[in-house]
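A structural walkthrough
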Amino acid sequence: MSSWFGGLGSGLSQSLGQVGGSLASFTGQISDFTKDMLLEGTEEVEAELPNSMRKEIEANHALLRSENERLRKLCTDLEEKHEASELQIKHQSTSYRNQLQQKEVEISHLKARQIALQDQLLKLQSATQSVHLGTGGLPVTTASSSFGYGTSHHASAFHDDDMDFGDIISSQQEINRLSNEVSRLESEVGHWRHIAQTSKVQGTDSSDQSEICKLQNIIKELKQNLSQEIDDHQHEMSVLQNAHQQKLTEISRRHREELSDYEERIEELENLLQQSDSEVADRSKMYEMQKTIQVLQTEKVEATKKLEELEDKIKDINKKLSLAENDRDVLRKEQEQLNEEKRQITEECERLKLECSTLHLNALEQSDTLREKEGILPHSTSVEEVLRLQQALSDAENEIKRLNSLYQDNSLAEDNLKLKMHVQVLEKEKSLLSQEKEEFQVSLVKLNSEYEVLKSTAMRDINLDSELHDLRLNLQAKEQELNQSINEKEVLRAELEELDKQNQEATKHMILIKERLSKQQNEGDSVISKLQQDLDDEKKRVHQLEDDKMNIIKDLVVQKEQLSQSELILNDLHLTKQKLENKVEDLVDQLNKSQNNNESIQKENLELKEHLRQSEEELSRVKNELSQSPQDSSSNFEDDLLKEKETEVRNLKQNLSEIEQLNENLKKVAFDLKTENEKLVLTVEDIRHQLEKSIVSNNQISLEKNTIMETLKMEKEQLEAELCQAEKRLLEEASRYEQTIEELSSTRHLNTSALHLEHEHLIKLSQEKDLEIAKLRKTVEQMNTSHKETKDILSSSLEEQKRLAQLLHEKETFIENLQARSSELQEELDKSSQALRKSEILRQTVEEKDRSLGFMKEENNHLKEELERLKEQQSRAVPVTEPKTLDSITELESEVSQLNTIKDHLEEEIKHHQKIIEDQNQSKLQLLQSLQEQKKEMDEFRYQHEQMNVTHTQLFLEKDEEIKNLQKTIEHIKTQLHEERQDVQTENSDIFQETKVQSLNIENGSEKHDLSKAETERLVKGIKERELEIKLLNEKNISLTKQIDQLSKDEVGKLTQIIQQKDLEIQTLHARISSGSYTQDVVYLQQQVQAYAMEREKVLAVLNEKTRENSHLKTEYHQMIDIVSAKEAALVKLQEENKKLSARFESSGQDMVKETIQNLSRMIREKDIEIDALSQKCQTLLAVLQTSSTGPEAGGVNSNQFEELLQERDRLKQQVKKMDEWKQQVMTTVQNMQHESAQLQEELHQLQAQVLVDSDNNSKLQVDYTGLIQSYEQNETKLKNFGQELAEIQLSIGQLCNTKDLLLGKLHVISPQLSSGSLLSEPLKASQPDVFSESNQLFQQEIEQLRKSLQEKEATIRTLQENNHRLSDSVAATSEQERKEHEQTDSEIRQLKEKQDVLQKLLKEKDLLIKAKSDQLLSSNENFTNKVSENELLRQAVTNLKERILILEMDICKLKGENEKIVETSREKETEYQALQETNAKFSMMLREKEFECHSMKEKALALEQLLKEKEQGKTGELNQLLNAVKSMQEKTVIFQQERDQVMLALKQKQLENSAMQNEVQHLRDKESRLNQELERLRNHLLESEDSYTREALAAEDREAKLRKKVTILEEKLVSSSSAMENASHQASVQVESLQEQLNVVSKQRDETALQLSVSQEQVKQYALSLANLQMVLEHFQQEEKAMYSAELEKQKQLIAEWKKKAENLEGKVVSLQEHLDEANAALDSASRLTEQLDLKEEQIEELKKQNDLRQEMLDDAQKKLMNLVNSTEGKVDKVLMRNLFIGHFHTPKNQRHEVLRLMGSILGIKREEMEQLLNQDHGGVTKWMTGWLGGGSKSVPNTPLRPNQQSVFNSSFSELFVKFLETESHPSVPPPKLSVYDMKLLDSPGRRKLDTNVSDSFKGVTESRSGRRTDVNPFLAPRSAAVPLINPAGLGPGGPGHLLLKPISDVLPTFTPLPVSPDNSAGVVLKDLLKQ
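Residues numbered from 1 in each chain as written. Predicted model: local features only at pLDDT ≥ 70, side-chain atom pairs only at ≥ 80, totals over all residues. Heavy atoms only, no water.

A closer look at the overall build of the chain
Helices and strands together make up the secondary structure of the chain, namely 31 helices and 0 strands. Considering only intrachain contacts with a sequence separation of at least 6, the fraction spanning at least 24 residues in the chain is 92%. Carbon and sulfur atoms make up 55% of the accessible area of the chain, which amounts to about 131,000 Å² in all. (Helix = DSSP H or I, 4+ residues; strand = E, 2+ residues; numbered from the N terminus. Contact = heavy atoms within 4.5 Å. Areas by Shrake-Rupley, 256 points an atom, 1.4 Å probe, with all protein chains shown as cover.)

What follows is the structure, given as structure tokens:
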């Protein structure tokens, strides 16, 4: 609120007079106020919701609700529009495709006709030309407008579609905007809901609940409205679709009309052509035809462009649609898959539930028998597991329901963004489902295990049932056993009653049955005999089923174990794969780190090289400077230092080369790591293949399991049925046998013995099963051992990788140490370079001081000579001229003293510099010590490097030994295998390996070739960039040389003119000065001349410096030109070398040396020429000096000469003034020139630095290029060696494979022999996996040995690479020697420059002597200024030219780019033209086919019409069949056309591919030619290498012995593996037989399905007939519905029209209401403005009131003070006044004393009457008066004391004196205080009002300043002394009209105003006037 009021106040203060402009600010403030109020309202609501705020919130809520409803409606509208647009797009895409096909056909037809017409026209033109040769016709390519109207129609064909697309895009934008608004409104609704909830928590009443109920009702109403609106919008959608279809029909109709127009035009053209054949003379028609053809061509081009654009649009739309459809299809498929998986899981779970329930019941019922014989597992576990399964099933069902609900919610018409979101959600759900599936699988495994346990118990139950049957057979003979069984049954019944109520009921039922059956005992005897036979049969069946089930269970157990093993192996493989991947990533990271380190080290090496070069240059400079310096001892010392530094630099270079070698070694290591990574990737791929195989096998096993489970379930159901029948029979038999229980009690003991026997039999069976389990465990253990061995192999590989990682870490630490030391070296180098710079700066300063000393010495000599001359002149001079000479002498002495002080200062500076030099020497010694320490460190580095090299060599030797051992073993195996070799085909794996190796070789070669190409391209680009830079530098240098030449020529001409004029002036002066007389003027003039000469010397020195700089710039420019020319030559050479490569490398190096020597010789010649020119200059200058020095000195001086001298003196004085002015101008120009010269020097230095950098880069590029060429050749040689070695290795691998095949063949031969003894080989089955794993290990060992051999070969390659790098180092050393030679030549050039500088110094000294008068300096100055202006103009012109050149270069670059673009576009046009020709051909083919099809279709149509006419009655079915056949034929023709088009396109692609393949073949042939050349080189190299191999062969023989031992071991292992293979083959044969049986079953099923198919096809035919009848009926219904719909539509349209009218009326009302609203708003705005103004006025009134109160307080204070003053001064009189009056009384004559007394009485306030009485009395009265007076004097003292020099004239009268006194008193000594701003006026004056306004304005400021603090000091209440008069200090005093201060002063105090007294008036008149007052 405060901020709002503050804003209002500021706005009002600004807009008092601007009422109209304050509307916008006021509205903004109102909006701010509403925002603040809302925010405060929310805070208050959150605290406590009062009723008023709640009402406001409810109103806002209602508004928001209305807005929400409106936005929801809009959202629904736009969603439906979106769906409609999608449908429209689909329809449009289909229609567009059809239209495109039609247009393509029509375009092809038109093109064909156009080509034919063009040909005919050309023929006609040729004919006309032949006829009319004499009359040169018009050009052919004119155009007519006969075909101009077709384009508009064509363009408008698809206009409506564009509008539809625009509507779709706008609707999409509206949807996005409205979705944003909906989200915003939802957030607001959430905010208000939160507020409402907080209010509820704080304790709101039941009114909130009623509001919630109301809101819920409103929400329901809104939902109903939504549903109604959705229905309305669906109706609208249908209407829109109909409208869209109408649009499409209109477009197609227009297109057909246009086609017909085109065809008519073509026919007209053909007619015209025919007429033209008859009438050739009509040329105008010909030209019109040509014009029409051109117009047609343009229209065709435009039509093609538009078609292409439309095609692109349609393609984009199709792509988007296809992507969306694909996404939806993928989602549907995933959902279906998930649903299917869930259904399968649920079905399996239900099946398992049923099985568990049945097994549980069986277990409960047969628990009595099981407890007799064996202890069974408790039921609790099975029950718990069943409960778990139920919970899992319920979870799965819930999830299925959730998925189904999600699937129902997912509508296909949603946006692509929503689809993406759903895809993500589905992926998450898929992951969750996969987890749940895994859990279900685990639960299934558990259920399977439980099922097996239950099955085993069931099997045992079945066994027990069989035994019970046996017992019942025995019961006929043994009645005692029955008695015993009855007792046992009774005991069991008692237990069962306790356990289950169901068993109790069963027992009761049994007792009743037994009572009934006791009667039927006689009948039971006959039944028992029958039952015995049945039981025997059932026993046999049960035994068979038991055997089958046992076999199945065994197979299941075996398969489960295999599955578990495979799962374990899979998990292990996954773990190993993850580990390997992690290791690979670590190795890749390490490689990246090492590469980064290598790059950083290379950068640091380059920086060190640059620092070394800079230090070498600085050392050379120091050498030159030391050679110049005169101190011999110090120079020798520094030479020694330089030599040591050079040695150190060489050492550093060697260290750098060593570091580079280390970097190369690191690169090799990185390469090794890359190869290892590739191997690891291959192993990972193998593991993946194994995983895929295992997954496939698992799937097969799962399928087999499912089939077995289904068969088992079928058998189980049969068994359960049989068990139920047996139980019924048992109950019947038990009832019969109850009577015979008593008889069988005696035979109970015998039965127990039989039971014991059966129990023992069961124990034996269990023991056999335990044995089988033990065997299976052994096999598992063997598999685990093999798995452990594989793990060991992996761990060994991991250890090797760890070792490599450790090596990498060690090398990284070594690199880091090197980096640290290199950084330290760099810091020391920086320090040394800084110290050298400081020393150079000091040396420069010393040299400058030496020069200044030399100048000072020369000046001293000149001054001494001049002093001597002056002394001589003084001795000759007349004594009259002494004062002038004395003045000159004093001036000279002062100058001498100044020079002495300067000399002392210079000597002190020299001492200081000597100290600095000594300090530098000390620092140099310290640097030497640090360099020695660096040497030691570098020695340590070398030692470490040597140790590393030694370790590397040892590793290489070990690897070589391993290679030799392997070679021996391979040769030994070859010797053994040659004996047993047979023609056996190699396996696919060998071929695969060979292809892999070949592909790797090819890839390596191509990669190297590509690398070399890329590097050459980079070099060429760099050379081009350098050439451009050199051209720019040349242009800059040429412009600079032109400027310098102009300057130098102008300046030399001026100087020669000046020197000649000065020589003449010197001669004349010498002639005049030789005369002895007039020495006074001469001395004075000489002094002036000397001063001017000094100034002129300074100016000429500056000019000389400029000339020297010009010459220096010239020399540098020549040097730059030479360097640039040398660079251009070097670049040309580099390009030639790129073309010729390595063939002319050595000769090119020699050419480079020759070129450098030639360039240096050219430079030296130019320097000699310049030196000769300078020497000639010096000689001419010396001659001029000599001529000027020897002037005529003779002759006497006449009076004429004296007069001339006087005139010359005057002239010289004038010239002196001019010279002063000129001197200032020259100084300014010189300063400008200095600034410009400094800038030019900086630019020159920059150019030199660029040239040096370019030269360094060129040298580096040359060295790198030579190294690359050599490395490329060496790599190619290595590749050839590798190819040969790989071929040898492949041969050895092939031999090994042959041996393996031979051994396998032997094993197959041995296998039938062993098959006979398969019964004996059962214990051997356990040892099979061991042997198999051993054979695998052997093969893995062989593979590892081969890998090791490959690694050793790679090590040999690395050694060759090191040799290459050494050769490249030697090449770099030769290039460095060349650089040193360049540096020596540079040093010689510098020496020449220094000699030139010495000569220039001599020239300066000579020029100083040639200084003369100042007259001719003016002319030189003017010339100089003119030249400067010309130079500036020239510079501006040069800058303009440079800018123009840059602009032209930019234009050239742009033109080049445009040319390239044009070339590219021309190529594209050519390709497009070719494509168009092809498409024309295609379209012509298509047309012919379409015409043929049209003919066929017409014939078919005629036939159909005839058939219809004949068979209209009762044959609608056949017509439908024919129509269907026609449609199918049409579809087939379309498909065949599409296939033909595809085939044509494929043919063209194949042709393009063939051309590309031919290019590749040519490239490969070139490669083969190169490789053949390299082979010849390699043969020569092989001859040399054979000598070394003979030495290695001796060592290889020792290794052969070891390898032979290993081969014997391998053979033994092969024998063991062969036996394992035989066993495996036997198992495979068994599996094949089983598969054949399954095949037979499948073939039977296939036959059955074929029969079913035939039956179903007959049914389908019947259904087709019924469908046709139904379609007829449907058509009738549809026609009736259409009629109904049309009637309803018309009704709806009428309703809509009525509603529209109503809406228009409502809109009119709304407009009127809006106008009223605007008026009301305007009135409100005016009212708000008035309120604002009123508030401002009220504030102003309050401020004015406050000011009035302050003023009243101040006036009251002033009144009080005035009253006090009046009271205090009423009875007081000034003492001084009375004393003066008293004294004046006695001085006045006696006649006039009564006047004085009257005056005194008037002052004292005595009346006149009393005074007259007193005066009339005697003299005694006077004494009384005197005594009274003296007694009561006044204490007031006047302000004006008496003056000391006042002369009292006693003769004058008292009145005169009193008047003078009053005059003195009335004129105050102190001036009156001035008013600050305003003149004080009376109340009546008109200026008073103005004053009041000003006062109000000033008071505003006061009140504003006082608004914060009231404690400030009030300026009106300042203390005032009584003596100060009452004048307002600041002009603010007057308050009201009745105030004392504003009254006249006479009313308050007795004052004496000054009276203007004229001399005529007497003093008496004045006194009378006073007394009247």
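Let's talk about the environment of Leu226
Within the secondary structure layout, Leu226 lies in helix α6 (residues 207-278). Residue Leu226 is classed as partly exposed on the basis of its relative accessible area of 27%. (Buried < 20%, exposed > 50% of the residue type's maximum accessible area, 1.4 Å probe, protein only.)

Observations concerning the packing of aromatic side chains
Counted by the stated rule, this structure contains 2 aromatic pairs. A centroid spacing of 4.8 Å and a plane angle of 80° characterise the contact between Phe1782 and Phe1786, whose relative ring orientation is edge-to-face. Here Phe1782 pairs with Phe1786, and both are found in helix α24 (residues 1775-1787), just 4 residues apart, close to one helical turn. Pairing Phe1858 with Phe1861 gives two aromatic rings, centres 6.0 Å apart and planes at 35°, and the pair type is tilted. (Phe/Tyr/Trp six-rings, centres within 6.5 Å; stacked < 30°, edge-to-face > 60°.)

A look at the pattern of salt bridges
One side chain can pair with another of opposite charge once the charged atoms of both are near each other. A complete count under the given rule lists 29 salt bridges for this structure. A salt bridge links Glu909 to Lys849, with the nearest nitrogen and oxygen atoms 2.6 Å apart. Taken together, the residues Glu909 in helix α16 (residues 882-979) and Lys849 in helix α15 (residues 748-876) connect sequence positions 60 residues apart. With a closest N to O distance of 3.3 Å, Glu1478 and Lys1548 form a salt bridge. You can see Glu1478 sitting in helix α22 (residues 1415-1510) and its partner Lys1548 sitting in helix α23 (residues 1516-1769), a full 70 residues away along the chain. Ionic contacts of the salt-bridge type, sharing partners, join the residues Glu658, Asp939 and Arg942 into one network. (Salt bridge = Lys/Arg side-chain N within 4 Å of Asp/Glu carboxyl O.)

What about helix α13 (residues 521-628)?
Along its 108 residues, α13 runs 152 Å from first to last C-alpha, staying within 8% of the 160 Å computed at 1.5 Å per residue. The largest bend along α13 reaches roughly 30° and is located at Val527. (Expected span 1.5 Å × (residues − 1). Bend = angle between axes of the 7 residues up to and from the residue.)

Section: the environment of Ile1171
Assignment of secondary structure puts Ile1171 in helix α19 (residues 1145-1189). Given a relative accessible area of 27%, Ile1171 falls into the partly exposed group. On a C-alpha basis, the gap between Ile1171 and Leu1399 in space is 9.3 Å, while along the polypeptide they are 228 residues apart.

Here's the deal with the packing of α24 against helix α25 (residues 1793-1804)
In contact at an axis separation of 9 Å, α24 and α25 are set at 165° when each is read in the N-to-C sense. When the axes of α24 and α25 are compared, the pair comes out roughly antiparallel. In this structure, α24 crosses over α25, and the sense of that crossing is left-handed. Between α24 and α25, the residues in contact are Leu1777, Met1778, Leu1781, His1785 and Phe1786 and Arg1793, Val1796, Leu1797, Leu1799, Met1800, Ile1803 and Leu1804, respectively. Tallied by class, residues from the contact of α24 with α25 come to 10 nonpolar, 1 polar and 1 charged. (Axes fitted to C-alpha atoms, helices over the stretch in contact; angles between N-to-C directions. Parallel < 35°, antiparallel > 145°, perpendicular 65-115°, else oblique. Left-handed = near helix turned anticlockwise from the far one by under 90°. Nonpolar A, V, L, I, M, F, W, Y, C, P; charged D, E, K, R; others polar.)

What about the side chain of Arg1599?
Along the chain, Arg1599 falls in helix α23. For the buried Arg1599, which has no salt bridge, the nearest side chain bearing the opposite charge is Glu961, at an N-O separation of 5.6 Å. For Arg1599, the side chain forms a polar contact with the side chain of Asn965, separated by 3.5 Å. When neighbours within four sequence positions are excluded, Arg1599 is seen to be in contact with Asp960, Glu961, Ile963, Lys964, Asn965 and Lys968. (Lys, Arg positive; Asp, Glu negative; His and termini not counted. Polar contact = N/O pair within 3.5 Å; in protein donor to acceptor, adjacent residues only side chain to side chain.)

Function cannot be read off these values alone, since they describe shape.
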